[in-house]
Amino acid sequence: MDHGTHHAGTAHDHAAHQHAGHGEHDHAGHGGTSWRMAAQATVHCLTGCAIGEILGMAVGTALMWGNAATMVLAIILAFVFGYSLTLFGIRRAGLDFKTAIKVALAADTVSIVVMELVDNGIIALVPGAMDAHLDETLFWTSLLGGFVIAFLITTPVNKWMIGRGKGHAAVHAYH
């Protein structure tokens, strides 16, 4: 049977199309949103967040700023680096700057917000972590532990969003 003539003249609703036993299907990605795809999006986001977060913590600590100022700087830099990694990638694909910014904001905002809330929440909750210095194990274990937990919490969020054509799904058209 010619598949093209089978659907000629009828609208084929992929969103309503479900195979028995397959559960939720994402046809935008032709085959569903895999955990691997969600993990890759989360690693991408985590990379930018980690660069900004570590740089912010290092600068704030080196300048002997208070905890609040250091955390604010770290969060701002996490967003800057998180968006920048996406922005550079989609600009290489040929998008103009204004459109690239819109895509980066759509792709990464929720992921970065969740990651920053979790990571900074962990650091705030670990006794002594906010006052630890760069040369102390507590500083690095709480920061890296926060990244691991943030990854584990953000990956399902990204999977859910990509499956609905949101978040990092906005970037996939430009890869």
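No experiment lies behind these values; they were computed from the predicted model shown.

Student: Any chance you could explain a nonpolar patch on the surface here in plain terms?
Tutor: Where nonpolar side chains cluster on the molecular surface, the patch consists of L55, V59, L63 and W65 and spans about 340 Å² of accessible area. Tracing the sequence through the fold places W65 in the loop between α2 (35-62) and α3 (67-92). A relative accessible area of 39% places W65 in the partly exposed class.

Student: Whenever I open this one, the environment of T42 confuses me. Can you help?
Tutor: Looking at where T42 falls in the secondary structure, it is placed in helix α2. Along the primary structure T42 and K159 are separated by 117 residues, whereas in three dimensions their C-alpha atoms are 9.2 Å apart. Ignoring sequence-local partners within four residues, the contact set of T42 consists of M115, F151, T154, T155 and N158. There is a polar contact of 2.8 Å between the side chain of T42 and the backbone oxygen of A38.

Student: Would you explain the nonpolar core in this entry?
Tutor: One recurring pattern in soluble globular proteins is that nonpolar side chains are buried together. In this structure, C49, M115 and I123 are the most contacted members of the largest nonpolar core, which totals 20 residues. Aside from chain neighbours lying at most four places away, what touches I123 is E53, M57, M71, A129, M130, S142 and L143. Counting eight residues, the second-largest nonpolar core is a separate cluster that includes L87, L95, A100 and A107.

Student: I would appreciate a short explanation of helix α4 (residues 97-125) in the present structure.
Tutor: Each α-helix turn comprises 3.6 residues. Residues three or four places apart therefore point the same way. Helix length check: α4 (29 residues) gives 39 Å between terminal C-alpha atoms against 42 Å at 1.5 Å per residue, within 8%. Remark: the principal bend of α4, roughly 45°, maps to D108. Looking at where α4 begins, the residue whose side-chain oxygen comes 3.3 Å from the main-chain nitrogen of K98 is D96.

Student: When you look at the environment of D131 in this model, what are you seeing that I'm missing?
Tutor: Topologically, D131 is positioned in the loop between α4 and α5 (137-163). Placed 65 residues apart in sequence, D131 and G66 show a C-alpha to C-alpha distance of 9.0 Å. Looking at D131, its side chain comes within polar contact range of the side chain of N67, at 3.1 Å.

Conventions we followed
- Residues numbered from 1 in each chain as written.
- Predicted model: local features only at pLDDT ≥ 70, side-chain atom pairs only at ≥ 80, totals over all residues.
- Heavy atoms only, no water.
- Patch = residues over 30% accessible without salt bridge, like charges linked within 9 Å, V, L, I, M, F, W, Y side chains within 5 Å.
- Areas by Shrake-Rupley, 256 points an atom, 1.4 Å probe, with all protein chains shown as cover.
- Salt bridge = Lys/Arg side-chain N within 4 Å of Asp/Glu carboxyl O.
- Helix = DSSP H or I, 4+ residues; strand = E, 2+ residues; numbered from the N terminus.
- Buried < 20%, exposed > 50% of the residue type's maximum accessible area, 1.4 Å probe, protein only.
- Contact = heavy atoms within 4.5 Å.
- Polar contact = N/O pair within 3.5 Å; in protein donor to acceptor, adjacent residues only side chain to side chain.
- Core = buried A, V, L, I, M, F, W, Y, C linked by side-chain atoms within 4.5 Å.
- Expected span 1.5 Å × (residues − 1).
- Bend = angle between axes of the 7 residues up to and from the residue.

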